Amino acid sequence: MDIRPERPGDYAAIAQVTKAAFAPMPYSQGDEAECVAKLRSDGDLTLSLVADSGADLLGHIAFSPVFFDAAFTGWYGLGPVSVAPHAQRQGLGGTLVTHGLADIARRGAQGCVLIGDPRYYSRFGFVSDNTLSYRNLPRHVVQYLAFGAARPSGVLTFSPGLEG
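This section reports on the structure supplied with the text. (Residues numbered from 1 in each chain as written. Predicted model: local features only at pLDDT ≥ 70, side-chain atom pairs only at ≥ 80, totals over all residues. Heavy atoms only, no water.)

### Concerning the pairing of strand 4 (residues 75-83)
Most of strand 4 sits inside the fold, with eight of its nine residues counted as buried. Across six bridges, strand 3 (residues 57-68) lies against strand 4 in antiparallel orientation. Counterpart to Ile61 in the pairing with strand 4 is Val81. The turn joining strand 3 and strand 4, which pair antiparallel and follow one another in sequence, is formed by six residues; a positive phi near 50° is taken by Asp69. Note: strand 4 against strand 5 (residues 111-115), three bridges, orientation parallel. Following the sheet pairing, Tyr76 is matched in strand 5 by Cys112. Each parallel crossover has a hand, and the one from strand 4 via helix 3 (residues 92-106) to strand 5 is right-handed. (Buried < 20%, exposed > 50% of the residue type's maximum accessible area, 1.4 Å probe, protein only. Helix = DSSP H or I, 4+ residues; strand = E, 2+ residues; numbered from the N terminus. Pairing = 2+ DSSP bridges. Right-handed = clockwise from strand over helix to strand, strands pointing away.)

The structure is reproduced here in structure tokens:
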């Protein structure tokens, strides 16, 4: 399996994997594939990695700029991350997260934020200390991973492609 940057020929397969991965999720609004495409068309898809088996595209992860109190300070949002249903529960999502975080850190990011389950994302070092808020979500699901001394605070907003 190869984890690599997306290529133009991957766009349809990324959309297909993303739709299939999120279809059974009760929290999904079903627009995750469209969000990735919008991030791409807006120029906000800072990092887009795929898991390629050689025969199939099995997974995808996206990173895009985020803002605290409407200011960009070098932080990026993780998501969506998608794994084809037949390849789930085999560690592929975690591999994509690990590779993506390392890549975005090498690019000079201050850190990464996400909305997600702390039981899953804490294994990568994500924390919630109630310094960030996002819409009306419980603060414990608004998490960050700092790559240096800077810590985020304030009202979080994502790139327009994700804010829909």
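### Regarding the side chain of Ser159
Position of Ser159 relative to the elements: it lies in the loop between strand 8 (154-158) and helix 5 (160-163). For Ser159, the residues in contact, after removing those within four places along its chain, are Leu39, Asp44, Ser64, Pro65 and Phe67. (Contact = heavy atoms within 4.5 Å.)

### Here's the deal with the nonpolar core
Where a protein is soluble and globular, its nonpolar side chains tend to be buried together. Phe63, Leu78, Leu92, Leu101 and Phe126 are the most contacted members of the largest nonpolar core, which totals 23 residues. For this core, the element with the most residues is helix 3, which contributes five residues. Sequence-distant contacts of Leu78, that is, excluding residues within four places in its chain, are made with Ile61, Ala62, Phe63, Val97, Leu101, Cys112, Val113, Leu114 and Phe126. Listed in part, the eleven residues of the second largest apolar core include Val113, Tyr134, Val142 and Leu156. (Core = buried A, V, L, I, M, F, W, Y, C linked by side-chain atoms within 4.5 Å.)

### A short note on the packing of aromatic side chains
Summed over the entire model, instances satisfying the criterion amount to nine aromatic pairs. Summarising the aromatic geometry, the rings of Tyr121 and Phe126 are spaced 6.0 Å apart at their centres and angled 80° between planes, so their arrangement reads as edge-to-face. Across the pair, exposure class does not vary: Tyr121 and Phe126 are buried alike. Put simply, the rings of Tyr120, Tyr121, Phe124 and Phe126 touch in pairs and so form one group of aromatic residues. Here Arg40 stacks its cationic end above the ring of Tyr11, 3.8 Å away from the centre of that ring. (Phe/Tyr/Trp six-rings, centres within 6.5 Å; stacked < 30°, edge-to-face > 60°. Lys NZ or Arg CZ within 6 Å of the ring centre and 35° of its normal.)

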